[in-house]
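Residue strings, one per chain:
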Amino acid sequence: MAAGAIHSAEDARRLARRRLPWMVFDYIDGAAGQETGAARNRAALDAITLRPRILRDVSRRSLATRVFGAEADRPFGIAPMGMCNLAAPGADLMLARLAARYRVPHGVSTVASTPLETILEAAEGYAWFQLYFSGDGTGTFKLAERARAAGYQTLVLTVDVPEVGRRPRELRHGFKMPFRIGPRQFLDFALHPCWSLTALLKGKPVMANFEMEGYDFDRTESRARATWDTLARLRDLWPGKLVVKGVLDAEDARALVSAGVDAIQVSSHGARQLEAAPAPIERLAEIRSDLGPEFPVFYDSGIRSGEDVLKALSLGADFVFAGRILQYAIAAAGEPGLEQLWDALSEELSIAMAQTGLTSLTGSSLEGAAAAQLK
């Protein structure tokens, strides 16, 4: 392998670990508690097998799909991630440009490093705004109104963080936003001069959506006051598509359908919040079965390859989102690194489709042709 080349998500992670300050890498890479939840996610994905099929003409394959009726060139998009510019200056806009190029949703985090209006413009409209409820909700609804005014058509309410999970790797480094520089952090940055000098020249990353007067957000503030009434109020406020992200329970999923949401996203937040949460991939099929074939169900958590994407699609996801692996790629090699990893994911998926006898990713094609099996 050529030095610095990215042929897989693991390549990207290895290079990112080398180049990022320890504090930043552990923020991106870490999970709740002793990280057994993250390990369980990975083990559950690894335990799934796909059904190889032979002697089918798979010479012409399409990775295209549709999301909320719109064409997308890939069945996977960009999960909302906070403070992406920690990976490298301009990371938010790299992701936005990628979304525009492949016509896939870019999840724009409440705590993005770039204003939500700027990202939507760079993404040429292929952006969904992700919303956290916080405090008494005053700022939350103001932010939703701001996203609506900016032109966002889809709002993603993340509901699996009533309290921010304890991630020991972050705590050991004293990770806080905005940065507080002490002796430990100074040494960390000094030992990673390429990242540190670039960050110094470009300016330290900030929570850009709260730079404007009247918008306050504390990353550690309790979000525990969100209720079903909160969701009803948001549904009344938001005229576009409303997705609820962080669903792992079929009963909750049914209640969300009744509450009028347009889609749910099965997710454990990458095991960053509750160490003992079940592996989302194991809940996906149950939730799909409960909701029936027509209701939109999305998936994220633990995606590391194109084969992982196909596993999730085969278990009932309509669309899949990748997260931290894209930050690894940006940290490793900037925008070219992101493109290399995106190409690798696409090729992995295409090859997996060929091996399982698939030429397209429509629901009827997936049924039986690529029957994922939980061991």
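As shown above, the structure is provided for reference.
A short tour of the structure in this document, coming up.

About the criteria used
- Residues numbered from 1 in each chain as written.
- Predicted model: local features only at pLDDT ≥ 70, side-chain atom pairs only at ≥ 80, totals over all residues.
- Heavy atoms only, no water.
- Core = buried A, V, L, I, M, F, W, Y, C linked by side-chain atoms within 4.5 Å.
- Buried < 20%, exposed > 50% of the residue type's maximum accessible area, 1.4 Å probe, protein only.
- Helix = DSSP H or I, 4+ residues; strand = E, 2+ residues; numbered from the N terminus.
- Contact = heavy atoms within 4.5 Å.
- Polar contact = N/O pair within 3.5 Å; in protein donor to acceptor, adjacent residues only side chain to side chain.
- Axes fitted to C-alpha atoms, helices over the stretch in contact; angles between N-to-C directions.
- Parallel < 35°, antiparallel > 145°, perpendicular 65-115°, else oblique.
- Left-handed = near helix turned anticlockwise from the far one by under 90°.
- Nonpolar A, V, L, I, M, F, W, Y, C, P; charged D, E, K, R; others polar.
- Patch = residues over 30% accessible without salt bridge, like charges linked within 9 Å, V, L, I, M, F, W, Y side chains within 5 Å.
- Areas by Shrake-Rupley, 256 points an atom, 1.4 Å probe, with all protein chains shown as cover.
- Salt bridge = Lys/Arg side-chain N within 4 Å of Asp/Glu carboxyl O.
- Lys, Arg positive; Asp, Glu negative; His and termini not counted.
- Charge placed at Lys NZ, Arg CZ, Asp CG, Glu CD.
- Phe/Tyr/Trp six-rings, centres within 6.5 Å; stacked < 30°, edge-to-face > 60°.

## Brief notes about the nonpolar core
Phase 1: Residues Tyr152, Ile264 and Leu326 are the most contacted members of the largest nonpolar core, which totals 115 residues.
Phase 2: For this core, the element with the highest residue contribution is helix α14 (residues 324-355), accounting for 14 residues.
Phase 3: Not counting residues up to four positions away in its chain, the partners in contact with Tyr152 are Val108, Leu116, Ile119, Leu120, Ala127, Trp128, Phe129, Ala147 and Trp238.

## Some remarks on unusual backbone geometry
Phase 1: For His269, which is not a glycine, the phi torsion comes out positive at approximately 60 degrees.
Phase 2: With respect to the secondary-structure elements, His269 resides in the loop between β9 (263-266) and α12 (280-291).
Phase 3: Overall, the relative accessible area of 14% leaves His269 in the buried class.
Phase 4: Look at Ala271: it is not a glycine, yet its phi comes out positive at around 60 degrees.
Phase 5: On the secondary structure map, Ala271 appears in the loop between β9 and α12.
Phase 6: Note on Ala271: relative accessible area 3%, which makes it buried.

## Structural notes on the side chain of Asn209
Phase 1: Looking at the element boundaries, Asn209 is found in the loop between α9 (193-202) and α10 (228-237).
Phase 2: Engagement of the side chain of Asn209 in a polar contact is seen with the backbone oxygen of Ser109, the distance being 3.5 Å.

## Regarding the packing of helix α13 (residues 306-314) against α14
Phase 1: Their axes nearest at 7 Å, the elements α13 and α14 cross at an angle of 55 degrees. Classified by the interaxial angle, the pair formed by α13 and α14 is oblique. As for how α13 packs across α14, the hand of that crossing is right-handed. For the pair formed by α13 and α14, the contact residues are Gly306, Glu307, Val309 and Leu310 on the first element and Leu345, Glu348, Leu349, Ala352 and Met353 on the second.
Phase 2: Partitioned by chemical class, the residues of the contact of α13 with α14 number six nonpolar, one polar and two charged.

## Side note on the environment of Ala123
Phase 1: For Ala123, the location among the structural elements is in the loop between α5 (116-122) and β6 (127-132).
Phase 2: C-alpha separation for the pair Ala123 and Arg97, spaced 26 residues apart in sequence, amounts to 5.3 Å.
Phase 3: When residues no more than four places from it in sequence are discounted, the contact partners of Ala123 are Ala96 and Ala100.

## Quick notes on the environment of Leu98
Phase 1: Here Leu98 shows up in helix α4 (residues 91-102).
Phase 2: Taking the C-alpha atoms as reference points, Leu98 and Trp342, 244 residues apart in sequence, are found 8.9 Å from one another.
Phase 3: Setting aside residues up to four positions removed in sequence, Leu98 forms contacts with Ile78, Leu338 and Trp342.

## Points about a negative patch on the surface
Phase 1: Where like charges cluster on the molecular surface, the negative patch consists of Asp249, Glu251, Asp252 and Glu286.
Phase 2: Position of Asp249 relative to the elements: it lies in the loop between β8 (241-247) and α11 (250-258).
Phase 3: Look at Asp249 and you get partly exposed, because its relative accessible area is 32%.

## Brief notes about the packing of aromatic side chains
Phase 1: Scanning the entire structure with this criterion turns up 12 aromatic pairs.
Phase 2: Centre to centre, the rings of Phe68 and Phe298 are 5.6 Å apart; their planes meet at 75 degrees, and the pair counts as edge-to-face. Residue Phe68 is located in the loop between β2 (65-67) and β3 (70-72), and its partner Phe298 is located in strand β10 (residues 297-300); the two are separated by 230 residues in the primary sequence.
Phase 3: Assessed through its relative accessible area of 27%, Phe68 is described here as partly exposed.
Phase 4: Measuring from centroid to centroid gives 5.6 Å for Tyr102 and Trp342, while their planes differ by 45 degrees, and the two rings are tilted. Of the two residues, Tyr102 sits in helix α4 while Trp342 sits in helix α14, which places them 240 residues apart along the sequence.

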